[in-house]
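Inside the fold
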Amino acid sequence: MAIKTSSLAKGSTNAENNPPNRKDLIQALSTYAQPNHKKALVQVSNTFIPYISLWALMIYTVVQGFSVWITLVLSVAAAAFLVRLFVLFHDCCHGAFFPWRTGNRLFGYVAGILTFTPFEDWQRTHVIHHANSGDLDNRGDGDVWTLTVAEYLSASRPKRFAYRVFRNPLVLFSITPLVLFLIVHRFPSPGAKKRENFSVIFTNVAIAALIIVMSMTLGFQNYLLIQFPTILVAASIGTWLFYVQHQYEDVYWARNGDWDLTRSGLEGSSYYQMPAALQWLAGNIGLHHIHHVRANIPNYNLQRCYNEIPALQAVTPLTLRKSFQSLWLNLWDEDEQKLVSFRSIRRMPRKNAMHKQNINT
C-alpha cells in the first residue's frame, strides 16, 4: 500500500525517504483514543440484540420444522453479526472499548464465549502480532504463515507441499478457520501463563455448559444445525478480513534491522475500503492502518480519525475488487519488495536459493 504523502499536514513528500514522525503522529491520534461508554453500549445493543434475535428465529424455524434452507439463510445473517461481535471483543483486548478495564475484561469474556475465543489468551498473542507485524525476522505469532521466495525454493519437498496446501484459498478460508476456532483455541497458546490458562479453561467450560443446555432443550443435532454454519461462515469471514489486512501486493515487510514500526502500520496494514453496510458490520476494521499505528483507538472513532488526519488519508485504499487478487499472492519477494504468486517463481532455480536466503538473513 503506497503512501502518497508523509506529512501530518497537507502536502506531498516521499514517505519512504521521509516517513511521518511517529511521536507527532501518535500525539495527533491521542484525541481519538478515548473510549466512550455510551457509544460502547450502543454498539453492544445493536450487535447483541440482532444476534440473539436471529438465534431465536433459527430456534423457531428448527422447532417448527421449517425448511433447513431458511435456517441456513438466517445463520449467514447471524454470522455477520458474530463477526461484528468479534470486532468489539478485539477492541476489549486492546482496552479500547469501554473506559474501564473491568468492563473490557467482563465483556471480553462474554464475547469470547460466543466467538469460541478465550479472551486473555487471545489478547496476549494479538499483542505479539502488533509488536512484530511486518518483521520478517519475527514471524509466526498471530499472523498468516508466510515464506519468502528464497525460503520456499530452498525448503524440502514436504514443506513446500504443506505450504501450498495451507495457502490454497479453499483450505485457508474453510478448514483453517474451523481448526483455529474449534480446536486451537481450546488449548493455551505457547508461553501462556496463569491468567491466560484460566481464560482458556473458563471459556471451554462455559462453551461446554452452553452446548449441554442447548442439547437438552433443543437437541444436539438441532443445536449443530444452528451453531456450525454460523461459526463456519463467521470464522471464514473473519479469517479473510485478517488475511487481507496484511496480505496484499505492496504490503510492507522488512528484516528486523530495517523494520520501522510506523511504516509497518501505515504500509503493512491495509485500508480496506468497503461499502458502508459492510464497513458497519466489520466494525470499521478495514481502517486497519490506523489501528496498527495506535491500537487503543475504539472502532467507533476510527472513521472520524481518518476523516480528520490527512496523513492517514494518504494511503492507497485496497478495494474489494483488488483485494481478491491477493488470494494468489503467496510469497514475499525480498528483491522486488512485494508479494508474488507461485506461478511467478515457477522457472526460478532452487540451487541458489539457500545462498540467497543466507545473504538476506
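Here, every reference points to the structure presented above.
What counts, and at which threshold
Residues numbered from 1 in each chain as written. Predicted model: local features only at pLDDT ≥ 70, side-chain atom pairs only at ≥ 80, totals over all residues. Heavy atoms only, no water. Phe/Tyr/Trp six-rings, centres within 6.5 Å; stacked < 30°, edge-to-face > 60°. Buried < 20%, exposed > 50% of the residue type's maximum accessible area, 1.4 Å probe, protein only. Helix = DSSP H or I, 4+ residues; strand = E, 2+ residues; numbered from the N terminus. Lys NZ or Arg CZ within 6 Å of the ring centre and 35° of its normal. Core = buried A, V, L, I, M, F, W, Y, C linked by side-chain atoms within 4.5 Å. Contact = heavy atoms within 4.5 Å. 1 Å grid on protein atoms, 1.4 Å probe; cavity = no way out; pocket = protein on both sides within 12 Å on 5 of 7 lines; lining within 4 Å. Points joined across faces, edges and corners; volume = space filled by probe spheres on them. Nonpolar A, V, L, I, M, F, W, Y, C, P; charged D, E, K, R; others polar.

One pass over the structure, following the stated rule, counts 28 aromatic pairs. Between F97 and F98, the ring centres sit 5.0 Å apart and the planes meet at 75 degrees, which makes this aromatic pair edge-to-face. Judged by its relative accessible area of 0%, F97 falls in the buried class. On the basis of an interplanar angle of 45 degrees and a centroid distance of 5.8 Å, the ring pair of Y109 and F119 is categorised as tilted. Of this pair, Y109 sits in helix α4 (residues 101-114) while F119 sits in helix α5 (residues 119-132), and the two are 10 residues apart along the sequence. For the pair Y109 and F119, one class covers both residues: buried. An aromatic cluster is built from F86, F89, Y109, F119, W122, F181, F198 and F202, whose rings are joined through pairwise contacts. Above the plane of the ring of W280 lies R84, whose end atom (NZ or CZ) is 3.8 Å from the centre.

As a further point, take the nonpolar core. One broad rule of soluble globular proteins: the nonpolar side chains tend to lie buried together. By size, the foremost hydrophobic cluster in this structure holds 62 residues, and its most contacted members are F97, F107, W240 and L241. Broken down by secondary-structure element, the contributors of at least two residues to this core are α2 (37-63), α3 (68-93), α4, α5, α8 (169-183), α9 (194-218) and α10 (220-246). Among the elements that make up this core, the one with the highest residue count is α3 (13 residues). Leaving out residues up to four positions away in the same chain, L241 has contacts with V83, Y272, M274, A282 and I285.

Within the element layout of this structure, L225 appears in helix α10. In this structure L225 comes out as partly exposed when scored by relative accessible area, which is 26%. For L225 and G265, which are 40 residues apart along the polypeptide, the C-alpha to C-alpha distance reads 40 Å. Once residues lying within four places of it in the same chain are set aside, the contact partners of L225 are V62, V68 and T71.

Time to look at the environment of L331. Among the secondary structure elements, L331 is positioned in strand β2 (residues 331-333). Expressed as a C-alpha distance, the spacing of L331 and S75, which sit 256 residues apart in the sequence, is 35 Å. For L331, the residues in contact, after removing those within four places along its chain, are L147, T148, V149, Y152, Y163, K338, L339, V340, F342 and I345.

Turning our attention to the layout of surface pockets. Of the pockets and cavities examined, the largest pocket occupies roughly 1100 Å³. In this structure, the largest pocket is lined by 41 residues; those nearest its centre are W122, G142, L180, H185 and F242. For the lining of the largest pocket, the secondary structure elements donating two or more residues are α3, α5, α8 and α10. Ranked by residues supplied to the lining of the largest pocket, first place goes to α10 with eight residues. Looking at side-chain class alone, the lining of the largest pocket contains 24 nonpolar, 13 polar and four charged residues.

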